[in-house]
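# Overview (structure and organization)
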Amino acid sequence: GDSVTQMEGPVTLSEEAFLTINCTYTATGYPSLFWYVQYPGEGLQLLLKATKADDKGSNKGFEATYRKETTSFHLEKGSVQVSDSAVYFCALGGSTGFQKLVFGTGTRLLVSP
Amino acid sequence: GAGVSQSPSNKVTEKGKDVELRCDPISGHTALYWYRQRLGQGLEFLIYFQGNSAPDKSGLPSDRFSAERTGESVSTLTIQRTQQEDSAVYLCASRTGQQNTEAFFGQGTRLTVV
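Quick summary incoming for the structure in this document. (Residues numbered from 1 in each chain as written. Chains lettered and ligands numbered in written order. Predicted model: local features only at pLDDT ≥ 70, side-chain atom pairs only at ≥ 80, totals over all residues. Heavy atoms only, no water.)

### Considerations on the state of the cysteines
Where we set the bar: Throughout, a disulfide means two cysteine sulfur atoms within 2.5 Å of one another. Counting from the N terminus, the helices are DSSP H or I runs at least four residues long and the strands are E runs at least two residues long. Exposure categories follow from relative accessible area, calculated using a 1.4 Å probe and restricted to protein chains: below 20% of the type maximum is buried, above 50% is exposed, and the middle band is partly exposed.
Here the structure, examined in full by the defined rule, presents two disulfides over all chains. Note on cysteine connectivity: A:Cys23 is disulfide-linked to A:Cys90, with sulfurs 1.9 Å apart. Classification of the bridge connecting A:Cys23 and A:Cys90 rests on its S-S torsion, roughly -70 degrees, and on that basis the disulfide is left-handed. Pair noted here: A:Cys23 is in strand S4 (residues 23-26) and A:Cys90 is in strand S10 (residues 86-93), with a separation of 67 residues, a long-range link. What makes A:Cys23 buried here is its relative accessible area of 1%. Residue A:Cys90 is classed as buried on the basis of its relative accessible area, which comes to 1%. Disulfide pairing places B:Cys23 opposite B:Cys92 at an S-S distance of 1.8 Å. Of note, the bridge from B:Cys23 to B:Cys92 carries an S-S torsion of about -65 degrees and is left-handed in sense. One end of the pair, B:Cys23, is in strand S3 (residues 19-24); the other, B:Cys92, is in strand S8 (residues 88-95), with 69 residues separating them in the sequence. Taken as a pair, B:Cys23 and B:Cys92 share a single burial class, namely buried.

Now the structure itself:
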């Protein structure tokens, strides 16, 4: 079945450092790919998405490119801030039939001043 | 409503009691999901409703768990004879029926079984 694998955390960075959180997936067909973020004490919210190969999703300085050849959707940000500290979830949504959303295990990011 | 609404926000129950969790999706969203998130863990899929089709119950961990949804409205997740391992945050999300759309999450119900 469909699955998502994310790098384990926590990822600890200093402010203004470069961030990469790896995400790879296994799926049939052509799923949509998502990154969700969960800030401390808050619910999950969509950070960005991409719906087809080579699409780049971007939001709040974060980017991720849908790479079909490597089945990856890595999250990147050029300069992280303390306020980016959160848990990040990679997810895929089926493109046909039941669109079950499958989530990775989440990666905790801790940014220090 | 404007967003996905879940109630109660917190529930403390004694082991062995039944609990019912409620999710009110965004109006017009045909798809509804329940997930469980244990402390410090990822999202565990429980059940998925899509319109009037038969739900995907493949994630329900035992027959103590059940969920209902009437049409495209409110859903309830029922846990019978609660156990301590059921303690978690239960998250509900809804989504339109269109392909490639994102899901919107509620704030969750934090269930504590004592």
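### Looking at the interface of chain B and chain A
Applied cut-off: Every residue pair with non-hydrogen atoms within 4.5 Å of one another is taken to be in contact. Buried area is understood as the total, over both parts, of accessible area removed when two parts are fitted together, assessed with a 1.4 Å probe. A pair is scored as a salt bridge if a Lys or Arg side-chain nitrogen falls within 4 Å of a carboxyl oxygen belonging to Asp or Glu. Each residue is assigned to one class: nonpolar for Ala, Val, Leu, Ile, Met, Phe, Trp, Tyr, Cys and Pro, charged for Asp, Glu, Lys and Arg, and polar for all the others, Gly among them.
The partner chain A presents 20 residues to the 25 residues of chain B that form the contact. Both faces considered, chain B and chain A share a buried interface measuring about 1,900 Å² in area, 53% of it formed by carbon and sulfur atoms. On inspection of chain B and its partner chain A, the count reaches one salt bridge. Of the residues in the side of chain B that touches chain A, the class split is nine nonpolar, 13 polar and three charged.

### Focus: the side chain of B:Thr82
For the record, the criterion: Pairs of N or O atoms are called polar contacts if they sit within 3.5 Å, as long as, within protein, a hydrogen donor faces a hydrogen acceptor (for residues adjacent in sequence, only side-chain-to-side-chain pairs).
Within the element layout of this structure, B:Thr82 appears in the loop between strand S7 (75-79) and S8. Here the side chain of B:Thr82 touches B:Glu14 through a polar contact of 3.3 Å, landing on its backbone oxygen.

### Section: unusual backbone geometry
Residues A:Gly9 and A:Pro10 are joined by a peptide bond in cis, for which omega reads 0 degrees. Looking along the chain, the bond that leaves B:Ser7 and enters B:Pro8 is cis, with omega of -10 degrees. The backbone of A:Asp54 sits at a positive phi, close to 75 degrees, despite the residue not being glycine. Among the secondary structure elements, A:Asp54 is positioned in the loop between strand S6 (44-50) and strand S7 (56-59). Residue A:Thr71 is not a glycine yet carries a positive backbone phi of 45 degrees. Along the chain, the position of A:Thr71 falls in the loop between strand S8 (62-65) and strand S9 (75-77).

### Some points on the packing of aromatic side chains
Note the cut-off: Note on aromatic pairs: the rings of Phe, Tyr and Trp (six-membered ring only in Trp) are paired at centre separations within 6.5 Å, and the planes decide the class, stacked below 30 degrees, edge-to-face beyond 60, tilted for the rest.
All chains considered together, the criterion is met by twelve aromatic pairs over all chains. Ring geometry for A:Tyr36 against B:Phe105: centres 5.5 Å apart, planes inclined by 80 degrees, an arrangement best described as edge-to-face. On the criterion of chain membership, the pair formed by A:Tyr36 in strand S5 (residues 32-38) and B:Phe105 in strand S9 (residues 104-105) is interchain, its members lying in two chains. Of the residues examined, B:Phe105 reaches a relative accessible area of 9% and is grouped as buried. Here A:Phe62 and A:Tyr88 contribute two aromatic rings whose centre-to-centre distance is 5.5 Å and whose plane-to-plane angle is 40 degrees, an arrangement assigned as tilted. Of this pair, A:Phe62 sits in strand S8 while A:Tyr88 sits in strand S10; the two residues are 26 residues apart in sequence, bridging distant segments of the chain. Neither A:Phe62 nor A:Tyr88 differs from the other in exposure class; each is buried.

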